[in-house]
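Here is what each chain is made of, one letter per residue.
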Amino acid sequence: MSASNPKIESVIENTFVEAIHKLTSDDAVTMISDLYIQADPESGELQIKAENCRFTMTARN
C-alpha cells in the first residue's frame, strides 16, 4: 500500500461530508442506513450512493 496523499484524503473526506449534508438536509430523510461506495481506480471517480433514497454523488480526483 502506498503512502497517504493529503490532497486525495481531503477530497474523499469533503465528498463524504457533502454527501451526508445533502442527504440530511432533506426533511424527508430521517435516517441513513447504508451508504455504498464505488471507486474507479483508473478514472479516480468515487461514487457514494444511499440505499434508502435516490441519491448519488460523484467526486473525481
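If you're wondering where the values come from, they're calculated on a predicted model, not measured in any experiment. (Residues numbered from 1 in each chain as written. Predicted model: local features only at pLDDT ≥ 70, side-chain atom pairs only at ≥ 80, totals over all residues. Heavy atoms only, no water.)

### Focus on the overall build of the protein chain
Moving on, step 1. The number of helices and strands found in the protein chain is 1 helix and 3 strands.
Moving on, step 2. Start at the N end of the protein chain and walk to the C end: the helices and strands fall as α-β-β-β.
Moving on, step 3. Out of the 61 residues belonging to the protein chain, those deemed buried represent 20%.
Moving on, step 4. Within the protein chain, contacts between residues at least 6 apart in sequence are counted, and of these 28% link residues at least 24 apart. (Helix = DSSP H or I, 4+ residues; strand = E, 2+ residues; numbered from the N terminus. Buried < 20%, exposed > 50% of the residue type's maximum accessible area, 1.4 Å probe, protein only. Contact = heavy atoms within 4.5 Å.)

### Brief notes about the confidence of the model for the protein chain
Moving on, step 1. Summing up the model confidence of the protein chain, the mean pLDDT is 76 and the portion of residues at 70 or higher is 70%.
Moving on, step 2. Of all the helices and strands in the protein chain, strand 3 (residues 55–60) carries the lowest mean pLDDT, 66, while strand 1 (residues 35–40) carries the highest, 84. (pLDDT = per-residue confidence, 0-100.)

### Some remarks on the pairing of strand 1
Moving on, step 1. Summarising the sheet, strand 1 and strand 2 (residues 45–50) pair through 6 bridges and their orientation is antiparallel. Its bridge partner lying in strand 2, aspartate 40 is registered against glutamate 45.
Moving on, step 2. Between the end of strand 1 and the start of strand 2, which pair antiparallel, lie 4 residues, with glycine 44 showing a positive phi angle near 80°. (Pairing = 2+ DSSP bridges.)

### Topic: a nonpolar patch on the surface
Moving on, step 1. A contiguous nonpolar surface patch, about 220 Å² in accessible area, is contributed by Ile20, Leu35 and Ile37.
Moving on, step 2. Inspection of the secondary structure puts leucine 35 in strand 1.
Moving on, step 3. With relative accessibility at 30%, the residue leucine 35 sits in the partly exposed group. (Patch = residues over 30% accessible without salt bridge, like charges linked within 9 Å, V, L, I, M, F, W, Y side chains within 5 Å. Areas by Shrake-Rupley, 256 points an atom, 1.4 Å probe, with all protein chains shown as cover. Salt bridge = Lys/Arg side-chain N within 4 Å of Asp/Glu carboxyl O.)

### Concerning helix 1 (residues 6–25)
Side chains that are three or four residues apart share a direction in an α-helix, a result of its 3.6 residues per turn.
Moving on, step 1. Here helix 1 spans 28 Å end to end across 20 residues, near enough to the 28 Å set by a 1.5 Å rise per residue.
Moving on, step 2. For helix 1, the complete set of buried residues consists of Thr15, Ala19 and Leu23. Mapping the buried residues of helix 1 onto a view down its axis gives an arc of 55°, with all of them on the same face. Helix 1 presents Pro6, Lys7, Glu13, Val17 and His21 as exposed residues on the side facing more than 90 degrees away from its buried surface. (Expected span 1.5 Å × (residues − 1). Arc of directions from axis to C-beta.)

### Overview of the environment of aspartate 34
Moving on, step 1. Within the element layout of this structure, aspartate 34 appears in the loop between helix 1 and strand 1.
Moving on, step 2. The class of aspartate 34 is partly exposed, set by a relative accessible area of 31%.
Moving on, step 3. With 17 residues separating them along the chain, aspartate 34 and glutamate 51 place their C-alpha atoms 5.8 Å apart.
Moving on, step 4. Among residues more than four places away in sequence, those in contact with aspartate 34 are Lys49, Ala50 and Glu51.

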